[in-house]
Amino acid sequence: MCNEQTCGNCRHFRRHYVRYARGRYMALSYGHCVKPRLKNREADTRACAHWQEKESGM
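All of these numbers come straight from a predicted model, not from anything done at the bench.

Quick notes on the rules
Residues numbered from 1 in each chain as written. Predicted model: local features only at pLDDT ≥ 70, side-chain atom pairs only at ≥ 80, totals over all residues. Heavy atoms only, no water. Helix = DSSP H or I, 4+ residues; strand = E, 2+ residues; numbered from the N terminus. Contact = heavy atoms within 4.5 Å. Buried < 20%, exposed > 50% of the residue type's maximum accessible area, 1.4 Å probe, protein only. Salt bridge = Lys/Arg side-chain N within 4 Å of Asp/Glu carboxyl O. Polar contact = N/O pair within 3.5 Å; in protein donor to acceptor, adjacent residues only side chain to side chain.

Engineer: Any chance you could explain the environment of Cys 10 here in plain terms?
Structural biologist: By secondary structure assignment, the location of Cys 10 is in the segment before strand S1 (13-19). Once the C-alpha coordinates of Cys 10 and Cys 33 are considered, the two residues, 23 residues apart in sequence, prove to be 8.8 Å apart. Setting aside anything within four residues of it in sequence, one finds Cys 10 in contact with His 50, Trp 51, Gln 52 and Lys 54.

Engineer: Would you explain the environment of Tyr 30 in this entry?
Structural biologist: For Tyr 30, the location among the structural elements is in strand S2 (residues 25-33). Judged by its relative accessible area of 37%, Tyr 30 falls in the partly exposed class. Distance in space between the C-alpha atoms of Tyr 30 and His 50 is 18 Å, their sequence separation being 20 residues. Ignoring sequence-local partners within four residues, the contact set of Tyr 30 consists of Phe 13, Arg 15, His 16, Arg 41, Glu 42 and Ala 43.

Engineer: Before we go on, may I ask you to explain the pattern of salt bridges in this structure?
Structural biologist: In a structure, side chains of opposite charge can pair up when their charged atoms sit close to one another. Counting across every chain of the model gives one salt bridge. The closest approach of N and O atoms between Glu 55 and Arg 11, which form a salt bridge, is 2.8 Å. Of the two residues, Glu 55 sits in the segment after strand S3 (39-42) while Arg 11 sits in the segment before S1, which places them 44 residues apart along the sequence. The partly exposed category is assigned to Arg 11, whose relative accessible area is 27%.

Engineer: Would you mind going over the environment of Trp 51 with me for this structure?
Structural biologist: Tracing the chain through its elements places Trp 51 in the segment after S3. Through-space distance from the C-alpha of Trp 51 to that of Lys 39 is 13 Å; in sequence the pair is 12 residues apart. Leave out the neighbours within four places in its chain, and Trp 51 touches Gln 5, Thr 6, Asn 9 and Cys 10. Within the structure, Trp 51 has its side chain in polar contact with the side chain of Asn 9 (distance 3.1 Å).

Take a look at the structure:
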């Protein structure tokens, strides 16, 4: 796992996806943070004070 603390590797970050034909999904470079409230974030944004490392199984 990367040592860099960004929103993309935080357990509170929820990545957004686009659904294509036949049920295929593509991950987007942005999403939202759920702690302490909803905030739009880019995956490569520097993490805030609430950052916690994402578990490897996620």
